[in-house]
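# Tertiary structure, described
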Amino acid sequence: MTMDNLKDFVKILEENGELKRVTTQVDTNLEIAEILRRTMYEGGPAILFEDVKDSNMPVLGNAFGSMKRLELGLEMSDFTEIGERIASMTKMDMPSGLLGQIKNIPQLKKMTASFPKSKKDGPVQDVVMGKPSFSQLPILKTWPKDAGRFITLGLIATRHPETGTRNLGVYRMQILDDTHALMHWQKHKRGAHHGDIAEERGEKIPAAVIIGGDPATVFAGIAPVPEGLDKYLFAGITRKKGIETVPCKTVDLDVPAQAEIILEGHVDPTDVRPEGPFGDHTGYYTPPEPYPVFTLTGVTCRTSPIYLTTIVGKPVLEDAYIGKVIERSFLPLMKMFHPEIVDFAMPPSGWFQGFGIISIKKRYPGQARKVMMGLWGTGQLSLTKIFVVVDDDINVHDVNDVIWAITTRADAARDTMIIPNTPTDNLDPASPLVNLGSKMGIDATQKTHLEGFNRPVQEQVMPDEETVKMVDSRWGDYNL
């Protein structure tokens, strides 16, 4: 059964021993964040805080803080399925004649089933708050030097002003007062691009903040999907069932009907104010920077809604597990454009955007560099600081295996590529300029004479196969 809302997910988590309820009263000012951080670092459960000071809404945190919880939420154990579904749709032959139409009926049905379904109303509009205010929500302050309270897991819905393509993105929001917040959509993000287009047209851009949805919709908001792919469709592809949407009350946008809370409003690209500092997922405070203002025009919610939030900081925290699902789910799409890719890993300690490892089936000289440059030209991978490319006999998920490849197959001068003046993640604390820095690529594949390796390739030590089989058969006799 497909999970339609956050409460379905909470029920599943509780049934599987993955959720704890805290009935002691807790404070949104630092206390909840400290509890969640300790729980996340220790690999603990999701937590539902039922008694939140000065609020009648419970707060849910660490909901996605383990691979098991993501498997339960997305109802799959192999997350490459998501990318394979998208790949299969792009590879589908267009029907030609009756025979072609019949051949593609199963695939067309799957595709149609994933499309969002528009409704006149839904549970997220059961309550329409008369006087909208951020004070009606239990928004957290998470680090002592944060500039204030921040919404950290709101899915920001916008629409491309020209094409109409809908987007969801997770951009933190610093609360300024009851009806204004700062929208931290970084320059490279799709929401910011929509804002730039609106500014060129002399317009404000409608935006809606979706808090608490079914796991697939939350994942869709975080995932860096290919340009032009509607995020609501991506959510449907992920869960194999289209989500229901309803029109907002005060802005011209559609939002998930089964969400917990909707904050409606608009972003004024010309009203820019200092945002931050904020303790971010790099483990550092990002300094104040200018970002545009979101003005709240309406609040709707379910009856008895749950406020979903997350805590970020030095890895490894909850976002690491979501990043791992993104890594797995987009591997099939990477292989579509770079068929030599065998596997891919972005270690969470590198806050994902900082470090990537790729294994390839190498066939020709310079192929590792070709793959690195191709990935640096692809979507959000353009912000990755360091790529290491290894041969297909290396396990990209075993850092010891990767270090062995680097130290035995790479020469520092020959196999290190430095590219200056490239886009970097806005949050990178090491880049010399905000949004501009350098890339490093390490080719840790075995070199050939065509790549300047003019000495014999040393033979790897390997055990005798017959002895391996014999020891396998007698292992129990050794009493080890």
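Report follows, based on the coordinates. (Residues numbered from 1 in each chain as written. Predicted model: local features only at pLDDT ≥ 70, side-chain atom pairs only at ≥ 80, totals over all residues. Heavy atoms only, no water.)

### What to know about the overall build of the protein chain
Counting secondary structure elements, the protein chain contains 14 helices and 23 strands. Computed over C-alpha atoms, the radius of gyration of the protein chain comes to 24 Å, within 12% of the 23 Å expected from 2.2 N^0.38 for 480 residues, which places it in the range of a compact globule. In terms of principal-axis extent, the alpha carbons of the protein chain reach across some 75 × 65 × 60 Å. Among the 480 residues that make up the protein chain, the fraction classed as buried is 52%. Excluding contacts between residues fewer than 6 apart, the proportion of contacts in the protein chain whose partners are at least 24 apart in sequence is 70%. For the protein chain, the accessible area works out to roughly 22100 Å², and carbon and sulfur atoms hold 54% of it. Here the protein chain contributes 53 positive and 63 negative side-chain charges, whose respective centroids are spaced 2 Å apart. (Helix = DSSP H or I, 4+ residues; strand = E, 2+ residues; numbered from the N terminus. Rg over C-alpha atoms; globule rule 2.2 N^0.38 Å. Buried < 20%, exposed > 50% of the residue type's maximum accessible area, 1.4 Å probe, protein only. Contact = heavy atoms within 4.5 Å. Areas by Shrake-Rupley, 256 points an atom, 1.4 Å probe, with all protein chains shown as cover. Lys, Arg positive; Asp, Glu negative; His and termini not counted. Charge placed at Lys NZ, Arg CZ, Asp CG, Glu CD.)

### Comments concerning the side chain of His 184
Position of His 184 relative to the elements: it lies in the loop between strand 10 (180–183) and helix 6 (190–200). At a separation of 3.4 Å, a polar atom in the side chain of His 184 contacts the side chain of Tyr 291. Leaving out residues up to four positions away in the same chain, His 184 has contacts with Tyr 171, Arg 172, Glu 275, Tyr 291, Asn 426 and Leu 427. (Polar contact = N/O pair within 3.5 Å; in protein donor to acceptor, adjacent residues only side chain to side chain.)

### With respect to the side chain of Glu 18
Looking at the element boundaries, Glu 18 is found in the loop between helix 1 (6–15) and strand 1 (19–22). Since its relative accessible area comes to 12%, Glu 18 is described here as buried. Residues within four places of Glu 18 in sequence aside, it is in contact with Leu 13, Pro 45, Ala 46, Ser 66, Lys 68, Arg 69 and Leu 72.

### Topic: the sheet that holds strand 18 (residues 307–308)
Whether parallel or antiparallel, the strands of a sheet pair through hydrogen bonds between backbone atoms. Pairing in this open sheet of four strands is mixed, and the strands run 1-2-3-18 from one edge to the other. Because the sheet does not close on itself, it has two edges, and the strands there are strand 1 and strand 18. Pairing geometry for strand 3 (residues 59–61) and strand 18, over two bridges, is parallel. Among the inter-strand pairings, Val 59 is bridged to a residue of strand 18, identified as Tyr 307. Sitting on the sheet, helix 1 touches strand 1, strand 2 (46–49), strand 3 and strand 18, and the angle it makes with strand 1 is about 105 degrees. (Pairing = 2+ DSSP bridges. Axes fitted to C-alpha atoms, helices over the stretch in contact; angles between N-to-C directions.)

### Side note on unusual backbone geometry
In this structure, Pro 277 follows Gly 276 across a cis peptide bond, with omega equal to 5 degrees. The topology assignment puts Pro 277 in the loop between strand 14 (261–275) and strand 15 (278–279). Pro 315 connects to Val 316 through a cis peptide bond whose omega is 15 degrees. By the secondary structure assignment, Val 316 is in the loop between strand 18 and helix 9 (318–329). Notably, Lys 240 is not glycine yet its phi reads approximately 65 degrees, a positive angle. A relative accessible area of 57% means that Lys 240 is categorised as exposed. One non-glycine residue, Asn 435, lies in the positive phi region at around 75 degrees. With respect to the helices and strands, the residue Asn 435 is situated in the loop between strand 22 (416–423) and strand 23 (436–444).

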